[in-house]
Amino acid sequence: MRDGTRPATLMDHPAVVRVERRAGEMFLGTPMQEIAADEAVSLEQFRTFVDDDAAWIHRQGGTVVGYLLAERLDEAGHVEQVSVDPAFAGRRIGADLLDAAANWAAGQGLAILTLTTFSELPWNAPYYARLGFEVLPQDRWGPELATRVQEEVSHGLHRWARVAMGRPT
């Protein structure tokens, strides 16, 4: 199979789990190290995104090194998860995956791509800002995005500064 970004299939699930675990290792040694132990996306969860044509992987050297899962929230495409193996950082893999999600959202007539992220980690909000995302104030959140943020709070993610961000598709 060719290198680059392509739609994910169910056969990609084991590789996606491996990427997610490798990306989680970036949190080791930080005040947020418990995030490294978060559960990886289950096969059932992954199947939902694949069935909705809203899952992509990125291959490099024949190996899956990044992935993105998206969904529709309110009238926006929403990035549920994007992870890149840290050994492959700095190669625009995350940017390519985000572009695939933006194209998917635009193809559905959605004008914005949103995500929620940690505001103070350099590989989170500052990275997304470099890719054209802007912080979305709460008064611009739709009800589904507000619910998603509340779910994140209930999972304890509010212990660290988080923001919702968006960029035009």
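The structure this text deals with has already been given above.
Throughout this description, residue numbers start from 1 for each chain and increase along the sequence as written. Given that this is a predicted model, residues contribute local features only at a pLDDT of at least 70 and side-chain atom pairs are listed and counted only at 80 or more, while totals for whole chains, interfaces and linings are drawn from all residues. Only hydrogens and water are removed before side-chain values are computed, so all heavy atoms of the structure are retained for them.

Q: Give me the environment of Ala36: which residues, what numbers.
A: Strands here are runs of E lasting at least two residues and helices are runs of H or I lasting at least four, both read from the DSSP assignment and numbered beginning at the N terminus. For Ala36, the position within the fold is in the loop between α1 (13-24) and α2 (43-51). Overall, the relative accessible area of 26% leaves Ala36 in the partly exposed class. With 101 residues separating them along the chain, Ala36 and Pro137 place their C-alpha atoms 28 Å apart. Note on definitions: a residue-residue contact is assigned when non-hydrogen atoms from the two residues lie within 4.5 Å. Those residues in contact with Ala36, other than ones at most four positions away along the chain, are Gly24, Glu25, Phe27 and Leu28. For each residue, the accessible area found with a 1.4 Å probe, counting protein chains only, is set against the maximum for its type, and the residue is called buried under 20%, exposed over 50%, and partly exposed in between.

Q: Residue-level account of helix α5 (residues 143-154), with values.
A: Multiply 1.5 Å by the residue count of a helix minus one, and that product is the helix's expected span. An ideal rise of 1.5 Å per residue puts 16 Å on twelve residues; α5 measures up with 16 Å between its terminal C-alpha atoms. Among the residues of α5, those classed as buried are Leu145, Arg148, Val149 and Glu152. All buried residues of α5 fall inside an arc of 100° around its axis, so they share one side. For α5, exposure combined with an orientation more than 90 degrees from the buried face picks out Pro143 and Ser154. Where α5 is buried, its residues meet β3 (63-73), β4 (76-84), β5 (112-118) and β7 (162-168). Where α5 ends, the next residue or the one after it, Gly156, has phi of about 90°, a positive value. Picture the helix axis, draw a direction to every C-beta atom, and the arc is the one those directions span.

Q: Residue-level account of the pairing of β4, with values.
A: In this sheet, β4 lies alongside β3 in antiparallel orientation, the contact comprising eight bridges. Following the sheet pairing, Glu71 is matched in β4 by His78. Where β3 folds back onto β4 in an antiparallel hairpin, the turn is made up of two residues, including Asp74, whose phi is positive at roughly 55°. Each pair of strands is called paired provided DSSP finds at least two bridges between the two strands. Inspection of the sheet shows β4 paired to β5 by three bridges, in the parallel sense. In the strand pairing of β5, Gly77 is matched with Leu113. If the strands point away from the viewer and the path from the first strand over the helix to the second runs clockwise, then the crossover is right-handed. Handedness of the β4-helix α3 (residues 93-107)-β5 crossover: right-handed.

Shape descriptors only; they carry no functional weight alone.
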